[in-house]
Amino acid sequence: MLRSIHLSRRALSVRFSSTLAFIEASGATITPSTLSALTAAQQLGKPITAVVTGSQAAAVTEEVKKIASVSKILVAADAKYDHYFPEELSPLIQQILTNADFTHFVVAASTVGKNLLPRVGALLDFQPISDIVKVEAPDTFVRPIYAGNALATVKTSDKIVLASVRGSSFAPVELTATNETPVEEVTAVASECRTSFVSEELVTSERPDLASAVKVVSGGRGLQSKEQFDAIMEPLAKSLNAAIGASRAAVDAGFCDNSLQVGQTGKVVAPELYIAVGISGAIQHLAGMKDAKTIVAINKDEESPIFTVADIGLVGDLFEVVPELTQKIEASK
């Protein structure tokens, strides 16, 4: 009889254990990388509780209600969380995780997620698993190592699994549900944060968002200057309705803003089409784009490493080839 009671309690505990997913939003819109992280959370096979923070929480909550896999929403509608300071968020997440029966905490591997997850890990004394690209089991994951040149399968024995999800490796969840998901308010947690928001300068563009774009055109050092980068890349991107990216060399040279950087220390993208213009293909850049479905490389140096991953390679002077390509794309419309 005692054995039977013990097993029943254990089964009950497993049944009600769940995943906590952090919802990152831009204004009232959930970010694409967060929607992809929720797909990974679904694959864990547990109920998902979403946590929404900041003064826009009410609007974001309405969007979260459209996600069928989310069974509950926790809301901390305090303006102190508006800019996602990890020093403010980590005590809140720590309290939520320790006061309920959560087995997993999932974030997108975005700048916000990469800032938040290690701090939560330090507070809870658990080892985070970063940048996962596949869920093998609730305690086993695949993640890239050595700048994406190898994949490691890792297994954790931590009581609470902390994981960040590479958005390009999972399809985003759809916002189609009409369920009235239960919402619970969470009180803001006091912190010793000494950081305050002063101002921000956002780079705006009519082009699609780089991280989630279906088509991406990227420029490298071969474009030689900011003026030529703009003159060559803007018309090509416009003709394809593509996002614009860049190599680190182009960013460091001042050709474009660092928010456009693709690579190991920039954004990781996996579009249907990726066109690399004047990019040699350093290993750090390849780590950020080699999962694209079709890769086109345009470079005058036929020995460039970019050609080793390209599906289509064109050796030639980009200042002649790209304008001609742009013109033909426009003519075909």
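Rules of the game
- Residues numbered from 1 in each chain as written.
- Predicted model: local features only at pLDDT ≥ 70, side-chain atom pairs only at ≥ 80, totals over all residues.
- Heavy atoms only, no water.
- UniProt positions renumbered as here; feature names shortened; annotations may be inferred.
- Salt bridge = Lys/Arg side-chain N within 4 Å of Asp/Glu carboxyl O.
- Buried < 20%, exposed > 50% of the residue type's maximum accessible area, 1.4 Å probe, protein only.
- Pairing = 2+ DSSP bridges.
- Helix = DSSP H or I, 4+ residues; strand = E, 2+ residues; numbered from the N terminus.
- Axes fitted to C-alpha atoms, helices over the stretch in contact; angles between N-to-C directions.
- Contact = heavy atoms within 4.5 Å.
- pLDDT = per-residue confidence, 0-100.
- Core = buried A, V, L, I, M, F, W, Y, C linked by side-chain atoms within 4.5 Å.
- Polar contact = N/O pair within 3.5 Å; in protein donor to acceptor, adjacent residues only side chain to side chain.
- Right-handed = clockwise from strand over helix to strand, strands pointing away.

Under the annotation held in an unreviewed UniProt entry, the chain carries the name Probable electron transfer flavoprotein subunit alpha and is attributed to Babjeviella inositovora NRRL Y-12698. Quoted verbatim from the Subunit (unreviewed entry) field of UniProt, the annotation for the chain is "Heterodimer of an alpha and a beta subunit."

(A) The arrangement of the pattern of salt bridges in detail. One pass over the full model with this rule turns up 12 salt bridges. Note that Glu63 is salt-bridged to Lys66, the shortest N-O span being 3.0 Å. Look at Glu63 and you get partly exposed, because its relative accessible area is 22%. Note that Glu88 is salt-bridged to Lys80, the shortest N-O span being 3.3 Å. Residue Glu88 is classed as buried on the basis of its relative accessible area of 11%. Residue Lys80 is classed as partly exposed on the basis of its relative accessible area of 25%. Within the structure, one salt-bridge network assembled from shared partners comprises Glu62, Lys65 and Glu180.

(B) Region of interest: the sheet that holds strand β16 (residues 294-299). Strand order in the open sheet formed by 5 strands is β14-β13-β15-β16-β17, with parallel pairing between adjacent strands. Each having just a single partner strand, β14 (243-246) and β17 (312-315) make up the two edges of the open sheet. The sheet shows a mean angle of 15 degrees between the axes of neighbouring strands, taken without regard to direction. Of the pairings in the sheet, the one linking β16 to β17 comprises 4 bridges and is parallel in character. For Ile298, the partnering residue across the bridge sits in β17 and is Leu314. Here helix α6 (residues 226-240) sits on the sheet in contact with β13 (215-219), β14 and β15 (273-277), set at roughly 170 degrees to β13. Where helix α9 (residues 318-332) meets the sheet, it contacts β15, β16 and β17, and its direction lies at approximately 135 degrees from that of β16.

(C) Here's a closer look at the sheet that holds strand β12 (residues 183-185). With parallel pairing, the 7 strands of this open sheet are ordered in space as β7-β11-β6-β1-β4-β5-β12. Each edge of the open sheet is held by one strand with a lone partner, namely β7 (129-132) and β12. Strand-to-strand twist in this sheet, taken as the mean axis angle between neighbours without regard to direction, amounts to 25 degrees. Judged from the 2 bridges that link them, β7 and strand β11 (residues 161-165) form a sheet pairing that is parallel.

(D) Main features of the confidence of the model for the chain. On average, residues of the chain carry a pLDDT of 90, and 95% of them reach 70 or more. pLDDT under 50 marks residues 1-15. Its contacts with residues more than four places away, or in other chains, come to 2 contacts.

(E) Layout of the nonpolar core. Leu20, Phe22, Val64, Ile93, Leu97 and Phe105 are the most contacted members of the largest nonpolar core, which has 55 residues in total. Excluding its chain neighbours within four sequence positions, the residues that come into contact with Leu97 are Leu20, Phe102, His104, Phe105, Val120, Leu124, Ile160 and Leu162. Counting 23 residues, the second-largest nonpolar core is a separate cluster that includes Val217, Ala237, Ala246 and Val277.

(F) Spotlight on the environment of Ile73. If you trace the backbone, Ile73 turns up in strand β5 (residues 70-76). Judged by relative accessible area, Ile73 falls into the buried class, the value being 0%. Each C-alpha atom, one on Ile73 and one on Val217, is 38 Å from the other, the two residues being 144 residues apart in sequence. In this view, Ile73 contacts Ala50, Val52, Thr61, Val64, Lys65, Thr181, Pro182, Val183 and Glu184; residues no more than four positions away in its chain are not counted.

(G) Looking closely at the UniProt feature "domain: Electron transfer flavoprotein alpha/beta-subunit N-terminal" (unreviewed entry) in the chain. As recorded in UniProt, the sites labelled "domain: Electron transfer flavoprotein alpha/beta-subunit N-terminal" (unreviewed entry) are residues 19-201. From the first C-alpha to the last, residues 19-201 spans 35 Å; its make-up is 25% helix and 31% strand.

(H) Structural context of the side chain of Ser110. Structurally, the position occupied by Ser110 is in the loop between β6 (102-108) and α5 (111-124). A polar contact of 2.6 Å, which involves the side chain of Ser110, links it to the side chain of Glu24. Not counting residues up to four positions away in its chain, the partners in contact with Ser110 are Glu24 and Ser33.

(I) View of the pairing of β14. A two-sided burial pattern is seen for β14, the buried positions comprising Ala243 and Gly245 on one face and Ile244 and Ala246 on the other. Pairing analysis gives 4 bridges linking β13 to β14, with the strands arranged parallel. Its bridge partner lying in β14, Gly219 is registered against Ala246. What joins β13 to β14 is α6, and the crossover it makes is right-handed.

(J) Summary view of helix α2 (residues 32-42). Burial analysis of α2 places 8 of its 11 residues in the buried class, which makes it a mostly covered element. Within the span of α2, buried status applies to Thr34, Leu35, Ser36, Ala37, Leu38, Thr39, Ala40 and Ala41. In this structure, the buried residues of α2 make contact with β1 (18-22), β3 (29-30), β4 (48-53), β6, β8 (134-137) and β11.

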